[in-house]
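Given next are the chains, with one letter for each unit.
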Amino acid sequence: MACPEFEDLILDYCEGAASPADGALLESHIAACAGCRQYLALQRELDLRLAKSLARPALSPDFARELTARMAERRRTPRLRWLPRILDSTGYLSLAPRLPA
Ligand SMILES: [Zn+2]
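Let us look at the structure shown here. For every chain, the first residue of the written sequence is number 1, and numbering continues from 1 along that sequence. Two thresholds apply to this predicted model, a pLDDT of at least 70 for residue-level local features and 80 or more for giving and counting side-chain atom pairs, whereas whole-chain, interface and lining totals are computed over all residues. Side-chain calculation: all heavy atoms of the structure are included, whereas hydrogens and water are not.

**Thoughts on the coordination of the zinc ion**
- Protein-derived ligands of the zinc ion are Cys3 (SG), His29 (NE2), Cys33 (SG) and Cys36 (SG), with the metal-ligand distances lying across 2.0 to 2.3 Å.
- Here the donor residues of the zinc ion are spaced in sequence according to C-x25-H-x3-C-x2-C. One end of the pair, Cys3, is in the segment before helix H1 (4-14); the other, His29, is in helix H2 (residues 20-32), with 26 residues separating them in the sequence.
- A relative accessible area of 19% means that His29 is categorised as buried. Only N, O and S atoms count as donors, using a 2.8 Å limit from the metal and a wider 3.2 Å limit for Na, K and Ca, and since water is excluded some coordination spheres may look unfilled. Each helix is a run of DSSP H or I of at least 4 residues and each strand a run of E of at least 2, with the numbering of both proceeding from the N terminus. Type-normalised accessible area, obtained with a 1.4 Å probe on protein chains alone, sets the label of each residue: buried when under 20%, exposed when over 50%, and partly exposed for intermediate values.

Here is the structure:
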């Protein structure tokens, strides 16, 4: 049984979310407290088992290729952000000076 005041810190510590100062405090406490040491070991075991039992979602084999292609396409697209998107090619033509008839 962990000391109640250390339970949350032990969980943060397992997730790597404890500050260095809190981590040092916990490590010195654990050296002297069998209950918290056991609780930390149990949490780590649980984390390991969960990580092993939860399957990672599979990505389509084409995912990386399609993502790379889209990123390359974005890089090629000119960035005229000051022009509203509504100005398509027809809009651009209307901005051109009119030719004398
Ligand atoms: Zn303790």
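**Regarding the nonpolar core**
- Joining through side-chain atoms within 4.5 Å is the link that ties buried Ala, Val, Leu, Ile, Met, Phe, Trp, Tyr and Cys residues into a set, and such a set is a nonpolar core. Core analysis: the largest hydrophobic core is formed by 10 residues, namely Ala2, Phe6, Leu9, Ile10, Leu26, Ile30, Cys33, Cys36, Tyr39 and Leu40.
- When contributions to this core are tallied by element, the ones reaching two or more residues are H1, H2 and helix H3 (34-53).
- Residue contacts are defined here by distance: any two heavy atoms, one from each residue, within 4.5 Å place the two residues in contact. Setting aside its immediate chain neighbours within four residues, Ile30 contacts Cys36, Arg37 and Leu40.

**Some remarks on the pattern of salt bridges**
- Whenever Lys or Arg places a side-chain nitrogen within 4 Å of a carboxyl oxygen from Asp or Glu, that contact is recorded as a salt bridge. Summed over all chains, the structure comprises two salt bridges.
- Notably, a salt bridge pairs Glu45 with Arg49, separated by 2.9 Å at the nearest N-O pair. Taken together, the positions of Glu45 and Arg49, both in helix H3 and four residues apart, correspond to about one turn of that helix.
- On the basis of relative accessible area, Glu45 is assigned to the partly exposed category, the value being 35%.
- With a relative accessible area of 56%, Arg49 lands in the exposed category.
- Close ionic contact of Asp62 with Arg65 constitutes a salt bridge, the shortest N to O distance being 3.5 Å.
- Taking relative accessible area as the criterion, Asp62 reaches 34% and is therefore assigned partly exposed.

**Details of the side chain of Gln43**
- Here Gln43 is to be found in helix H3.
- Residue Gln43 is classed as buried on the basis of its relative accessible area of 13%.
- Each residue touching Gln43, except ones within four places of it in the same chain, is listed here: Ile10, Leu11 and Cys14.

**Regarding the packing of H1 against H2**
- Simply put, an axis is a line fit to the C-alpha atoms, just over the touching stretch for a helix, and the angle between two N-to-C directions goes from 0 to 180 degrees. Orientation of H1 relative to H2, taken along the N-to-C sense of each, is 115°, at an axis distance of 10 Å. Between H1 and H2, the interaxial angle falls into the category roughly perpendicular. The two elements H1 and H2 meet at a crossing, and its hand is left-handed. Each of Phe6, Leu9, Ile10 and Tyr13 in H1 lies in contact with H2, whose residues at this interface are Asp22, Gly23, Leu25, Leu26, Glu27 and His29.
- The residue classification treats Ala, Val, Leu, Ile, Met, Phe, Trp, Tyr, Cys and Pro as nonpolar and Asp, Glu, Lys and Arg as charged. All others, Gly included, are polar. Looking at the contact of H1 with H2 residue by residue, the classes come out as six nonpolar, two polar and two charged. These descriptions rest on fixed angle ranges, namely under 35 degrees for roughly parallel, over 145 for roughly antiparallel, 65 to 115 for roughly perpendicular, and the rest for oblique. With the far helix as reference, a near helix turned anticlockwise by less than a right angle produces a left-handed crossing, and one turned clockwise produces a right-handed crossing.

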